[in-house]
Amino acid sequence: MASSPVTMMKIKVHDCSPPSTAAARLLPFFRRHQIHFRSSVGPLQNPCFPRTIITRASRSSFSSSSVITASMTTEASAKVIDGKKIAKDVRDEITAEISRMKDSIGVVPGLAVVLVGDRKDSATYVRNKKKACEAVGIKSYEVCLPEDSTEEEVLKYISGFNDDPMVHGILVQLPLPSHMNEQNILNAVCIEKDVDGFHPLNIGRLAMRGREPLFVPCTPKGCIELLHRYNVEIKGKRAVVVGRSNIVGTPAALLLQREDATVSIVHSRTKKPEEITRQADIIISAVGQPNMVRGSWIKPGAVIIDVGINPVEDATNPRGYRLVGDVCYEEASKVASAITPVPGGVGPMTIAMLLSNTLLSAKRIHNFK
């Protein structure tokens, strides 16, 4: 007996669940129409990866002359918060201001970077910061020390930069080698040149009402700048910060509080975090867990700032991996009103804010308005 003609049906599934979970939800449909399926890209280990399921159905299920395409997704409704564009706007503004400063008082802002060790990622960050400085007209100073350098050697260079009038900002690239006391070294940077904003006095002033820090940590500052430039109202809104690190989570919460938001912090010991995030008008996620914040965690219409940048394996990518945020973008973009992509969201803003802080330092030191 000749086999029955078949109809090909292509179903596109965008889901942050493992493939088996996504398929399981479709099984009743498959069984009802006697459909057999296979993934067109094979088994996937990573969440948030679009995949296509090719199905065969008998003539009795569908018209033999038709090809049916069913989409299992709805169009993303969230506005994309373009960090690359905003960072470029900020850099253009900085370039113009540095030019005005140079023409008026003959001063060029200077940023010194101290790099210890030979970590490739740290070296890449330093190289990118140097290029960014050159692009806007900031003079870049760089010290690269071997992995086995002593803490005293690092402190000696920091002391020299503290006393150098040509240097207006000092950045110690983290992480430091394990034999060094990170707190001692960061505290050695004089507060007037602490463009990273990590000095305890800067954080303390950030936490106190009526006090102003000399500098705000760059990544949280970039998050707030994105909200401002996209005209997101913060005052009176409920905000949730996922993560409580000294570098991002804690200062981000303090900044939101300064903007008169009602702020909650979700961390590793928080019970039922999704119940808290679902109340938020604004979510800033900085926890370093790929795709942790799901669409079901998000209040419809919320604004999402995703600080996370996490590599996950991806055999289809030439590099063998791809970058995803803390928030499952495919799910969140259907629920939120606005969201930052990863990459291209918060990342470019961090370096832009470092340049901004360096300019601010030079203007303050030279009393330039």
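Bear in mind the structure is a predicted one, so any value in this text is a computation, not a measurement. (Residues numbered from 1 in each chain as written. Predicted model: local features only at pLDDT ≥ 70, side-chain atom pairs only at ≥ 80, totals over all residues. Heavy atoms only, no water.)

Some words on the side chain of Thr340
Okay, step 1: Following the sequence through the fold, Thr340 ends up in the loop between β15 (338-339) and α11 (346-365).
Okay, step 2: Looking at Thr340, the relative accessible area reads 0%, which means it is buried.
Okay, step 3: Here Asp306 takes part through its backbone nitrogen, which lies 2.8 Å from a polar atom of the side chain of Thr340.
Okay, step 4: Among all residues touching Thr340, those that are not within four sequence positions of it are Ile81, Leu226, Ile304, Ile305, Asp306, Tyr329, Gly345 and Val346. (Helix = DSSP H or I, 4+ residues; strand = E, 2+ residues; numbered from the N terminus. Buried < 20%, exposed > 50% of the residue type's maximum accessible area, 1.4 Å probe, protein only. Polar contact = N/O pair within 3.5 Å; in protein donor to acceptor, adjacent residues only side chain to side chain. Contact = heavy atoms within 4.5 Å.)

Side note on α11
Okay, step 1: Between its first and last C-alpha atoms α11 spans 29 Å; for 20 residues at 1.5 Å apiece the expected length is 28 Å, and the two agree.
Okay, step 2: Asn367 sits one or two residues past α11 and shows a positive phi near 55°. (Expected span 1.5 Å × (residues − 1).)

Re the packing of helix α7 (residues 218-229) against helix α8 (residues 249-258)
Okay, step 1: Axis separation between α7 and α8 bottoms out at 8 Å; the angle between their running directions is 40°. Between α7 and α8, the interaxial angle falls into the category oblique. For α7 against α8, the interelement crossing comes out right-handed. Contacts between α7 and α8 involve Pro220, Lys221, Ile224 and Leu227 on the former and, on the latter, Pro251, Ala252, Leu255 and Leu256.
Okay, step 2: Looking at the contact of α7 with α8, its residues break down into seven nonpolar, no polar and one charged. (Axes fitted to C-alpha atoms, helices over the stretch in contact; angles between N-to-C directions. Parallel < 35°, antiparallel > 145°, perpendicular 65-115°, else oblique. Left-handed = near helix turned anticlockwise from the far one by under 90°. Nonpolar A, V, L, I, M, F, W, Y, C, P; charged D, E, K, R; others polar.)

Overview of the sheet that holds strand β9 (residues 238-242)
Two strands in a sheet stick together by hydrogen bonds in their backbones, pointing the same way (parallel) or opposite ways (antiparallel).
Okay, step 1: Spatially, β5-β15-β12-β11-β9-β10 is the arrangement adopted by the six strands of the open sheet, whose pairing is parallel. The sheet terminates laterally at β5 (79-80) and β10 (262-266), the two strands that pair on one side only.
Okay, step 2: Pairing of β9 with strand β11 (residues 282-285) involves four bridges; the strand directions are parallel. Across the sheet, the residue bridging to Val242 is Ser285, located in β11. (Pairing = 2+ DSSP bridges.)

A word on the pattern of salt bridges
Okay, step 1: The full count for this structure, using the stated rule, is eleven salt bridges.
Okay, step 2: The closest approach of N and O atoms between Asp92 and Lys88, which form a salt bridge, is 3.0 Å. With a gap of four residues between them, Asp92 and Lys88 both fall in helix α2 (residues 83-105), about one helical turn apart.
Okay, step 3: Accessibility expressed as a relative area gives 43% for Lys88, which makes it partly exposed.
Okay, step 4: Via salt bridges that share partners, Glu93, Glu225 and Arg229 belong to a single interconnected network. (Salt bridge = Lys/Arg side-chain N within 4 Å of Asp/Glu carboxyl O.)

Topic: the environment of Ala252
Okay, step 1: Topologically, Ala252 is positioned in helix α8.
Okay, step 2: Ala252 gets classed as buried once you look at its relative accessible area, which sits at 1%.
Okay, step 3: Along the backbone, Ala252 and Ser285 are 33 residues apart, and their C-alpha atoms lie at a distance of 9.8 Å.
Okay, step 4: Dropping the residues within four chain positions of it, Ala252 is found in contact with Pro220, Val241 and Ile284.

Remarks on the pairing of β10
Okay, step 1: Relative to β10, β9 runs parallel, the two being bridged by five bridges. Bridge assignment links Ala239 to a residue of β10, and that residue is Val263.
Okay, step 2: With respect to chirality, the unit in which β9 leads through α8 into the neighbouring parallel β10 is right-handed. (Right-handed = clockwise from strand over helix to strand, strands pointing away.)

Digging into the sheet that holds strand β8 (residues 169-172)
Okay, step 1: The three strands lie next to each other as β7-β6-β8, forming an open sheet whose pairing is parallel. Both edges of this open sheet fall to β7 (139-145) and β8, since each of them pairs with a single strand only. Sheet twist, expressed as the average angle between the axes of neighbouring strands with direction ignored, equals 15°.
Okay, step 2: As judged from the seven bridges shared by strand β6 (residues 110-116) and β7, these two strands associate in the parallel manner. Residue pairing for β7: Val116 is matched across the bridge by Leu145.
Okay, step 3: Contacts from helix α3 (residues 120-136) reach β6, β7 and β8 within the one sheet, and its direction differs from that of β6 by about 170°.

Re the confidence of the model for the chain
Okay, step 1: On average, residues of the chain score 85 in pLDDT, and 79% of them are at 70 or above.
Okay, step 2: pLDDT under 50 marks residues 1-15. Its contacts with residues more than four places away, or in other chains, come to 61 contacts.
Okay, step 3: When the criterion is pLDDT under 50, residues 17-74 qualifies, and its contacts beyond four places in sequence or with other chains add up to 121 contacts. (pLDDT = per-residue confidence, 0-100.)

Focus: the nonpolar core
A general feature of soluble globular proteins is that nonpolar side chains tend to end up buried together.
Okay, step 1: Counting 55 residues, the largest nonpolar core has Leu111, Leu227, Leu256 and Ile284 as the members making the most contacts within it.
Okay, step 2: Ranked by residue count, the leading element in this core is α11, at eight residues.
Okay, step 3: Those residues in contact with Leu111, other than ones at most four positions away along the chain, are Cys133, Ile138, Lys139, Ser140, Tyr141, Gly169, Ile170, Leu171, Val195, Leu354 and Thr358.
Okay, step 4: Counting residues in each nonpolar core, the second largest holds 18 residues, with Tyr141, Val167, Leu174 and Val189 among its members. (Core = buried A, V, L, I, M, F, W, Y, C linked by side-chain atoms within 4.5 Å.)

Details of the environment of Ile351
Okay, step 1: Its place among the elements puts Ile351 in helix α11.
Okay, step 2: A relative accessible area of 25% means that Ile351 is categorised as partly exposed.
Okay, step 3: Linking Ile351 and Tyr125, residues 226 residues apart in sequence, is a C-alpha distance of 9.4 Å.
Okay, step 4: Other than its neighbours up to four places away in sequence, Ile351 contacts Asn128, Lys129 and Ala132.

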